[in-house]
Amino acid sequence: QVQPVESGGGSVQAGGSLRLSCHASGRLFSTYAMGWFRQPPGKEREFVASIVRSGSTTDYADSVKGRFTISRDNAKNTVYLQMNSLKPEDTAVYYCAARRLGMHTRISDNYNYWGQGTQVTVSS
């Protein structure tokens, strides 16, 4: 029932910031764990961050920990990814994903619904 749509991507210089948004349809949004994944050019998709249904617990890949913050506003059916101190290696297509009937996870196959992705390009 959840159909995520990402927005907020763009181009930024190293050290800059971007905030990605993911809006998902459906009245059961607050019951889903949400995650952000990314796929750098020529590489495989990788885990970035995840958040439980209440927003009280989060998980981050080591590569983004301390720089990125995931949050959600269940009243707006939206999850966010605040990205600070961006590095060229953060360049990727970023995907929002929703998981039903389970805890947040780093395993992409555990997510049921995926957005189309939004491009983030970080230049030096």
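Heads up: these notes are all about the structure in this document. Here the structure is a predicted model, which means the values were calculated and not measured.

## Some remarks on the overall build of the protein
Argument step 1. Looking only at helices and strands, one finds zero helices and 11 strands in the protein.
Argument step 2. Beginning at the N terminus, the succession of helices and strands in the protein can be written as β-β-β-β-β-β-β-β-β-β-β.
Argument step 3. Against the 2.2 N^0.38 benchmark of 14 Å for 124 residues, the protein shows a C-alpha radius of gyration of 13 Å, consistent with a compact globule.
Argument step 4. Each principal axis of the C-alpha atoms in the protein carries an extent, and together these give about 40 × 25 × 25 Å.
Argument step 5. In the protein, the proportion of contacts linking residues at least 24 apart, taken out of those at least 6 apart, comes to 59%.
Argument step 6. Of the roughly 6,300 Å² of accessible surface on the protein, 44% is carried by carbon and sulfur atoms.
Argument step 7. Taking the average place of the 14 positive charges on the side chains of the protein and the average place of its 9 negative ones, the gap between the two points comes to 7 Å.

## Side note on the pairing of strand E7 (residues 68-73)
Argument step 1. Side-chain alternation along E7 places Phe 68, Ile 70 and Arg 72 on a buried face and Thr 69, Ser 71 and Asp 73 on a face that remains uncovered.
Argument step 2. Pairing between E7 and strand E8 (residues 78-83): six bridges, direction antiparallel. When the bridges of E8 are listed, Asp 73 appears paired with Thr 78.
Argument step 3. Linkage of E7 to E8, two consecutive antiparallel strands, is achieved through a turn of four residues, within which Asn 77 is found at a positive phi near 55°.

## Re the state of the cysteines
Argument step 1. This model, assessed by the stated rule, comprises one disulfide.
Argument step 2. The disulfide bridge from Cys 22 ends at Cys 96, spanning 2.1 Å between sulfur atoms. Where Cys 22 bonds to Cys 96 through sulfur, the torsion about that S-S bond is close to -80°, and the disulfide is left-handed. Here Cys 96 lies in strand E9 (residues 92-99) and Cys 22 lies in strand E3 (residues 18-24), a separation of 74 residues in the sequence.
Argument step 3. Judged by relative accessible area, which is 0%, Cys 22 ranks as buried.

## Observations concerning the nonpolar core
Proteins that are soluble and globular tend to have nonpolar side chains buried together.
Argument step 1. Counting residues in hydrophobic clusters, the biggest one holds 32 residues, and the most contacted among them are Met 34, Trp 36, Leu 81, Met 83 and Tyr 94.
Argument step 2. Listing elements by their share of this core, those giving two or more residues are E3, strand E4 (33-39), strand E5 (46-51), E7, E8, E9 and strand E11 (118-123).
Argument step 3. Here the element with the most residues in this core is E9; it accounts for five residues.
Argument step 4. Ignoring sequence-local partners within four residues, the contact set of Tyr 94 consists of Glu 6, Leu 20, Trp 36, Phe 37, Arg 38, Val 48, Phe 68, Leu 81, Met 83, Gly 117, Thr 118 and Val 120.

## Describing the sheet that holds E8
Argument step 1. Pairing is antiparallel across the open sheet formed by four strands, whose spatial order is E1-E3-E8-E7. Because the sheet does not close on itself, it has two edges, and the strands there are strand E1 (4-7) and E7. When strand polarity is set aside, the average angle formed by the axes of neighbouring strands in this sheet is 20°.

About the criteria used
- Think of each chain on its own: its residues are numbered from 1, step by step along the sequence as written.
- Restriction of local features to residues with pLDDT of at least 70 applies here, the model being predicted, together with a cutoff of 80 or more for giving and counting side-chain atom pairs; totals for whole chains, interfaces and linings are based on all residues.
- Working from all heavy atoms in the structure, the side-chain values ignore hydrogens and water.
- Here a strand is any run of E in DSSP of at least two residues, a helix any run of H or I of at least four, and the numbering for each starts at the N terminus.
- For the radius of gyration, the atoms used are the C-alpha atoms, and the globule rule reads 2.2 Å times the number of residues raised to 0.38.
- Should any heavy atoms of two residues lie within 4.5 Å, those residues are counted as being in contact.
- The accessible surface values rely on the Shrake-Rupley method and a 1.4 Å probe; as for residues, cover is taken only from the protein chains in view.
- Charge assignment in this entry is limited to Lys and Arg as positive and Asp and Glu as negative, and neither His nor the chain termini are counted.
- Note on charges: their place is set at NZ of Lys, CZ of Arg, CG of Asp or CD of Glu.
- Accessible area is worked out with a 1.4 Å probe on protein chains only. A residue is then buried under 20% of its type maximum, exposed over 50%, and partly exposed in between.
- Following DSSP output, two strands are said to pair if at least two bridges run between them.
- Disulfides are defined in this document as cysteine sulfur pairs within 2.5 Å.
- To form a nonpolar core, buried Ala, Val, Leu, Ile, Met, Phe, Trp, Tyr and Cys residues must be joined to one another through side-chain atoms within 4.5 Å.
- Inter-axis angles, ranging from 0 to 180 degrees, are taken between N-to-C directions of lines fitted to C-alpha atoms, where helices are fitted over the stretch in contact.

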